[in-house]
Structure formats: structure tokens, C-alpha cells
Amino acid sequence: MTEKRIKRALISVYHKEGLDGILKKLHEEGVRLISTGGTQAFVESLGLPCETVEALTGYPSILGGRVKTLHPKVFGGILTRRDSESDRQETEAYQIPEVDLVIVDLYPFEETVASGADEAAVIEKIDIGGISLIRAAAKNFKDVVTVASEAQYAALMMLLEEKGAVTSLEERRWFAREAFAVSSAYDTAIFNYFDRDDESAFRVAVNGPKLMRYGENPHQKGIFFGKFEEMFDQLHGREISYNNLLDIDAALALIDEFDEPTFAILKHNSACGVASRPTILEAWKDALAGDPVSAFGGILVANEAIDREVAEAINRIFFEVIIAPEYMTDALVSLEQKKNRIILLRRQNGRQKRQYRSLLNGVLIQDRDASVQTADDLEPMTQKVPDERETEDLLFANKLVKHSKSNAITLVKNRQLCASGTGQTSRVDALKQAIAKARSFQFDLKGAVMASDAFFPFADCVELAAGAGITAIIQPGGSVNDNLSVEYCDAHGISMVKTGVRHFKH
């Protein structure tokens, strides 16, 4: 028989909000309630009868509350198999009442760690009794319902309202699955606290799966695990896709490099237009000028508020997503004219410090590339040194190449992306691509600067750059043939600086 009636429930909870309706409904259904001290006071405040765990076990809560429910009369009642005659005989012999529902949540371990509490306080928030109750009840899902978090309160209440205190095997299995998700995530958090940066094992637990319409392509399944709503408010538009998420992540990584008013346009995770200007409207106009063709269907991101004038300007092209820290009301009126257009209000950063990539039969982990170069980090390699304007442009170009797929070259003039060459198997091809693209949009590269994500193994790139009018170059340095590039630059009046930091991106 898969249908089971709940006759006795054990409640031991930290979060009590939303629990009152459940307890009242259980009482109406004739369910007997057992609880620990703090929860008992809450149950009785609702005018409901409640048996204490201490009365059941004959033992008080001891060791400062560390031991309350760890007793055979508690766990025997949860783990007893109703279809086992030997289990029935033992529970009768030891007067162990059956428990059919366990409602428990866990001490706030992660919240305590995040608060900066000292280790003694953190250790006290490692739940022992609660996690044991969850695992016991979930293991015996054939007979017992497990509610392991306030996140499942709504599901339990819906079940009680629809069916009363009766559950099916399928429903109990669902609650068990959710319970093991809670317990595994809790243990993962504890392990990672102790492991810190030792990387002795890879443990990640992320809740909140969101099924995408599809993955990168329609024939692929896609799921996002995370709390997107903590980082953004979606003000308008259709459901966000798998590819949208990739572009949004790339857009945030890029825009966070800039403090001055900056607008960026991305397509397939790569910047096709970026500019920094005194106003966000000027930044938009010059970002679009970088590649008005690729901007079609792109992702727009700004680091300042979007007002009506800016909204009307960008509304002239088709784009899929816009991200900004603020929107004026009249700007939204303009932007919301396209029903599918995704408008995201950025709330906080929240981006992870680590990056994970599944490959072969494992997972590759690395720190996010958070290295930012300043003027103090630039080491002159040539006789000629860049002037103030060139230095600004070199740092600007270096930020862009950092977020471009290798092999990558970026060409910049007056804090505006003229063109980039990305994802090429040859650095020379990347530069040729960038020069050709810049010329196709009528950019005058005389006086422009060039950034490379890695060193130049030969002088061929600086030769091409000189021919295009480039006057300053930034690169990591470190090639055994650096002298070839330096000698060519010296002979042609080009300044070159090195950062000592490579920015490969694959």
C-alpha cells in the first residue's frame, strides 16, 4: 500500500515563518505533534497540544543543546519499517512510537560563515541532530515524509490542503529527494569551510535549477543553476536563454573593468564596440561606431544610468539584451516598445571568483582573471615611451584584449575600440583581421595603439602594425625574440611597453 496516513509528526525547526498554517492543519487532521524545546513553545503559542522530545526519551536536552533528539526512541520511531514484523516487535517492546512526518531545518551554517563570525561560533552552527533526522526520515521514505527546509513548507501545505494527512509513495520520494539535496549542500558547505584553499576535492552544491528553452543549440538541453534574481531584476522581455546568459556574463566581466562612463556592445561573448566618454550618450554613439553591423542583435551594457535620450538613441537598432545599474522611467517607456527585448537592472556583482569548466572526464578549475594593469605596471621596452594619451589608450586596449578570445589583438584610439581580431590560430591573422575591420568602418589608425593578449614570437606583428599607423603597443613580453620586435619599433619610432601579465582566454 503506497498511501500512508500521517499520525505523528516530529517538528524541530529554526525558521518558523510559514509553519503555523501547517501545524494547525496537522492538528485538524488529528496528527499528534512532538517537538523540541524552542519549537514546543511556538507550537503551544498557537494553542496546539504538543508532546516534548524530552518526555518521549526521558532525557533532557544536554551539553548546551548539542544533544536533544539523538535517542533510540526518536530515531527508532522514524526508521522503523512498517512492513517488517521484527521491527514492529522491537518498537512495541521498547515502547517506541512511530513517526510519520519529520519537519526540521538546519542551523544557519553558511550565514554564520558569511557574517565573519569566529571559528567557535561557526562550529556551533554545524547541525548534528537536525541533519541526522533528515537523513533518517529520507532513508525511510517508504513510510515517512521528510520536510528538510522552509523551502518545502509550501509543498507540504498544498499536499495537506488537497489530500489531508495522506501521502503517496511518489510524494514521499519527492520530499526525500529534496531532503538529500539539502543535506548534501549543507555538508558541502561545511567541507569547503574546512578545506578552504587546499583544493583536496571538488565539491559544489547549487540549488534553484532553471530549465532553459534549450542549450547552445535547439537540439541541446540547457539548465542554469544559480540565483540570477540576486544579481538582476528583469524589468521586461522574454525568457532568458542559455546563450543570453553566456553573453551577460561576458558583458559584466568587461564593463567592470571601467570606472568612467562606458558603453559596450557584445556579440557571441566578444566586444564589437566599446567606448569611454564624459557622458553615457557619447559613449554609446562611439561604441556603436566601432561596428554598427555586428551590433545588430547584440548585448548592450552600460555602467551608468540610461535616460530617455540614451534610450531613444539605442532604440534605433535591434538588440536582445540591455544591462544597466539604473533606468529613468521615461527611458523604460522607450525601451519597452519591443516586447521580447530583455531589460536587466543590475543589483549587485555576485560573480564567482572561480571558474569551472567540464572537460574529458573531470572538471577544470581556475581563479577568474582579476589582474588589472595600471600605468605603474607598464615597463618601457623601447627608446620611445608612450605619451599620456597613448598610455590611456594602451590601458584601455589591454582591458579589452583581456576579455577577447585568443589569439587576440585590439586596436584603440581615443578610448574607443576601433577593431579587434579574436579567436585566430595565428596572432598575425588576428592583427590582419583587426586592421581590415577598422578600415572597413573608415577608422584612421594613424596614432592608434595595439594590445596583444600574449607576447610576439617574431617581429611580423609590429611590422604590420607600423604599416597601419600604430604608434604604441602593449604586450605581456617574455618572448626569447622580444629584441626583434623592440629593434623594429626603435627603428620606426614606435613605443612598446610590457606588463608581464598574459591574458589568454580560451
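Residues numbered from 1 in each chain as written. Predicted model: local features only at pLDDT ≥ 70, side-chain atom pairs only at ≥ 80, totals over all residues. Heavy atoms only, no water.

### Things to note about the sheet that holds strand E3 (residues 32-35)
Consideration 1: Read from one edge of the open sheet, five strands run E4-E3-E2-E5-E6, paired in parallel fashion. Taken across any chain shown, the strands that pair with only one partner, and hence form the sheet edges, are strand E4 (51-52) and strand E6 (145-147).
Consideration 2: With two bridges connecting them, E3 and E4 associate as parallel partners. Paired with Ser 35 across the bridge in E4 is Thr 52.
Consideration 3: Each of strand E2 (8-12), strand E5 (101-104) and E6 touches helix H8 (residues 129-139); the most contacted strand, E5, lies at about 150° to it. (Pairing = 2+ DSSP bridges. Helix = DSSP H or I, 4+ residues; strand = E, 2+ residues; numbered from the N terminus. Contact = heavy atoms within 4.5 Å. Axes fitted to C-alpha atoms, helices over the stretch in contact; angles between N-to-C directions.)

### Points about empty space enclosed by the protein
Consideration 1: Scanning the entire structure with this criterion turns up two cavities of 30 Å³ or more.
Consideration 2: Space inside the largest cavity adds up to approximately 40 Å³.
Consideration 3: Partitioned by chemical class, the residues of the lining of the largest cavity number two nonpolar, four polar and three charged.
Consideration 4: Taken as a whole, the second largest cavity holds about 30 Å³ of empty space.
Consideration 5: Lining of the second largest cavity is provided by Ala 271, Cys 272, Gly 290, Asp 291, Leu 417, Ala 419, Ser 420 and Lys 437.
Consideration 6: No other element matches strand E20 (residues 417-421), which puts three residues into the lining of the second largest cavity.
Consideration 7: The residue makeup of the lining of the second largest cavity, split by class, is four nonpolar, two polar and two charged. (1 Å grid on protein atoms, 1.4 Å probe; cavity = no way out; pocket = protein on both sides within 12 Å on 5 of 7 lines; lining within 4 Å. Points joined across faces, edges and corners; volume = space filled by probe spheres on them. Nonpolar A, V, L, I, M, F, W, Y, C, P; charged D, E, K, R; others polar.)

### Description of the packing of aromatic side chains
Consideration 1: This model, assessed by the stated rule, comprises 10 aromatic pairs.
Consideration 2: For the pair Tyr 193 and Phe 194, a centre-to-centre distance of 5.4 Å together with 85° between the ring planes defines the contact as edge-to-face.
Consideration 3: Owing to a relative accessible area of 12%, Tyr 193 belongs among the buried residues under this scheme.
Consideration 4: Ring plane angle 45° and centroid distance 5.1 Å describe the contact between Phe 296 and Phe 318, whose orientation is recorded as tilted. Taken together, the residues span a long stretch of sequence, with Phe 296 in the loop between helix H13 (280-290) and strand E13 (298-302) and Phe 318 in the loop between helix H14 (308-314) and strand E14 (319-324) at a distance of 22 residues.
Consideration 5: By relative accessible area, Phe 296 is classed as exposed at 54%.
Consideration 6: Here the basic side chain of Arg 196 rests over the ring of Tyr 193, its NZ or CZ set 4.5 Å away from the ring centre.
Consideration 7: The lysine or arginine in question, Arg 203, covers the ring of Phe 191, its NZ or CZ lying 5.6 Å from the ring centre. (Phe/Tyr/Trp six-rings, centres within 6.5 Å; stacked < 30°, edge-to-face > 60°. Buried < 20%, exposed > 50% of the residue type's maximum accessible area, 1.4 Å probe, protein only. Lys NZ or Arg CZ within 6 Å of the ring centre and 35° of its normal.)

### Quick notes on unusual backbone geometry
If a residue is not glycine, its phi is most likely negative; likewise, a peptide bond is most likely trans.
Consideration 1: A cis geometry characterises the amide bond from Ser 406 onward to Asn 407, with omega recorded as -10°.
Consideration 2: One can find Asn 407 in the loop between helix H16 (388-402) and strand E19 (409-412).
Consideration 3: Phi is positive for Glu 199, close to 55°, though the residue is something other than glycine.
Consideration 4: Assessed through its relative accessible area of 39%, Glu 199 is described here as partly exposed.

### Examining the nonpolar core
Consideration 1: With 38 residues, the main nonpolar core has Val 274, Ile 323 and Leu 344 as its most contacted residues.
Consideration 2: With seven residues, helix H12 (residues 242-255) is the single largest residue contributor to this core.
Consideration 3: Excluding its chain neighbours within four sequence positions, the residues that come into contact with Ile 323 are Phe 232, Ile 248, Ala 251, Leu 252, Ile 299, Leu 300, Val 301, Ala 302, Leu 344 and Arg 346.
Consideration 4: In terms of nonpolar packing, the next biggest core, distinct from the first, is built from 29 residues, Ile 126, Ala 137, Tyr 186 and Ala 189 among them. (Core = buried A, V, L, I, M, F, W, Y, C linked by side-chain atoms within 4.5 Å.)

### Points about the side chain of Lys 413
Consideration 1: Here Lys 413 lies in the loop between E19 and E20.
Consideration 2: Look at Lys 413: it is buried, it has no salt bridge, and the nearest opposite charge is Asp 444 at 4.2 Å.
Consideration 3: Ignoring any residue separated from it by four or fewer positions in sequence, one finds Lys 413 in contact with Arg 389, Asp 393, Cys 418, Asp 444, Lys 446, Gly 447 and Ala 448. (Lys, Arg positive; Asp, Glu negative; His and termini not counted. Salt bridge = Lys/Arg side-chain N within 4 Å of Asp/Glu carboxyl O.)

### Some words on a negative patch on the surface
Consideration 1: A contiguous patch of negative charge on the surface is contributed by Asp 307, Glu 309, Glu 312 and Asp 330.
Consideration 2: In this fold, Asp 330 is placed in helix H15 (residues 329-335). (Patch = residues over 30% accessible without salt bridge, like charges linked within 9 Å, V, L, I, M, F, W, Y side chains within 5 Å. Areas by Shrake-Rupley, 256 points an atom, 1.4 Å probe, with all protein chains shown as cover. Charge placed at Lys NZ, Arg CZ, Asp CG, Glu CD.)

### A word on helix H18 (residues 460-468)
Consideration 1: Taken together, the buried positions of H18 are Cys 461, Val 462, Ala 465 and Ala 468. Angular distribution of buried residues about the axis of H18 spans 120°; they occupy a single face of the element.
Consideration 2: Those residues of H18 that are buried lie in contact with helix H17 (427-440), strand E21 (449-452), strand E22 (472-475), helix H19 (482-491) and strand E23 (495-498).
Consideration 3: With its phi angle positive at about 105°, Gly 469 sits one or two positions after the end of H18. (Arc of directions from axis to C-beta.)

### Looking at the environment of Leu 10
Consideration 1: You can see Leu 10 is positioned in strand E2.
Consideration 2: In sequence terms Leu 10 and Thr 146 are 136 residues apart; their C-alpha atoms lie 10.0 Å from each other.

### Some points on the pattern of salt bridges
Consideration 1: Using the criterion set out here, one finds 30 salt bridges in the structure.
Consideration 2: Across the pair Asp 87 and Arg 81 runs a salt bridge, and its minimum N-O distance is 2.7 Å.
Consideration 3: The salt bridge partner of Arg 88 is Glu 85, with a shortest N-O separation of 2.2 Å. Of this pair, Arg 88 and Glu 85 both sit in helix H5 (residues 85-93), three residues apart, which is roughly one turn of that helix.
Consideration 4: Accessibility expressed as a relative area gives 34% for Arg 88, which makes it partly exposed.
Consideration 5: The exposure class assigned to Glu 85 is partly exposed, which follows from its relative accessible area of 41%.
Consideration 6: Among the charged side chains, a network of salt bridges with common partners joins Arg 5, Lys 25, Glu 28 and Glu 29.

### Remarks on the packing of helix H4 (residues 72-79) against H8
Consideration 1: Where H4 contacts H8, the axes come no closer than 8 Å and their chain directions differ by 25°. In this view, H4 runs roughly parallel relative to H8, as classed from their interaxial angle. Where H4 approaches H8, its residues Val 74, Phe 75, Ile 78 and Leu 79 are matched on the opposing element by Gly 129, Ser 132, Leu 133, Ala 136, Ala 137 and Lys 139.
Consideration 2: Across the contact of H4 with H8, the residue classes tally to seven nonpolar, two polar and one charged. (Parallel < 35°, antiparallel > 145°, perpendicular 65-115°, else oblique.)

### A short note on the packing of helix H9 (residues 153-163) against helix H10 (residues 169-195)
Consideration 1: The N-to-C vectors of H9 and H10 enclose an angle of 170°; their axes lie 12 Å apart at closest approach. Here H9 lies roughly antiparallel to H10, going by the angle between them. Contact residues: Ala 155, Leu 156, Leu 159 and Lys 163 in H9; Glu 171, Trp 174 and Phe 175 in H10.
Consideration 2: When its residues are assigned to classes, the contact of H9 with H10 shows five nonpolar, no polar and two charged.

All quantities given are derived from atomic positions and should not be read as evidence of function.
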